[in-house]
Amino acid sequence: MILFRQELGDVLRDARRAQGRTLRQVSSDARVSLGYLSEIERGQKEASSELLVSVTDALGLPLSFVLREVSDRIAVAERVTIPDTVPEGLADGTAPLVGAS
């Protein structure tokens, strides 16, 4: 089973490690407890939108970048391809979302 919180935690941890930063540094900058951020990175806790913005700001990353990375990882696990552009009709609301009735 694919869990959003697990993929999100992996993306946040990968970004933090790529920057060579410790969990303590990011938790301090984000004003989030060390333990709670650790649980988020391990996919054990769901991050609120407010907390997620604090963490992405502390990492110097746009929220959209993090969410796109999570989406891309989930798409790989689901074996689907996400187009880089919005399909015609979807942007203007004339086409339903896939599976919408």
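You'll find the structure just up there.
Remember, predicted model here, so these are calculated numbers, not experimental data.

Reading guide: rules and limits
Residues numbered from 1 in each chain as written. Predicted model: local features only at pLDDT ≥ 70, side-chain atom pairs only at ≥ 80, totals over all residues. Heavy atoms only, no water. Helix = DSSP H or I, 4+ residues; strand = E, 2+ residues; numbered from the N terminus. Buried < 20%, exposed > 50% of the residue type's maximum accessible area, 1.4 Å probe, protein only. Contact = heavy atoms within 4.5 Å. Areas by Shrake-Rupley, 256 points an atom, 1.4 Å probe, with all protein chains shown as cover. Core = buried A, V, L, I, M, F, W, Y, C linked by side-chain atoms within 4.5 Å.

Draft legend 1. View of the overall build of the protein chain. The number of helices and strands found in the protein chain is 5 helices and 0 strands. Reading the helices (α) and strands (β) of the protein chain from amino to carboxyl end gives α-α-α-α-α. When each of the 101 residues of the protein chain is scored for burial, the buried share is 32%. Contacts in the protein chain between residues far apart in sequence, at least 24 positions, make up 60% of those at least 6 positions apart. As displayed, the protein chain has an accessible area near 6800 Å², and 53% of this comes from carbon and sulfur atoms.

Draft legend 2. How the structure looks around unusual backbone geometry. Positive phi, normally seen in glycine, also occurs at Arg31, with a value near 60°. Here Arg31 lies in the loop between α2 (23-30) and α3 (34-41). Look at Arg79: it is not a glycine, yet its phi comes out positive at around 60°. Among the secondary structure elements, Arg79 is positioned in the segment after α5 (63-78).

Draft legend 3. Focus on the nonpolar core. If you look at the biggest cluster of nonpolar residues, it comprises 19 residues, and the most contacted ones within it are Leu12, Val55 and Leu59. Secondary structure elements with two or more residues in this core: α1 (4-18), α2, α3, α4 (49-59) and α5. Per-element accounting of this core gives the leading share, 5 residues, to α4. Contacts of Val55, omitting those with residues within four sequence positions, involve Leu12, Val26, Ala30, Val32 and Leu37.

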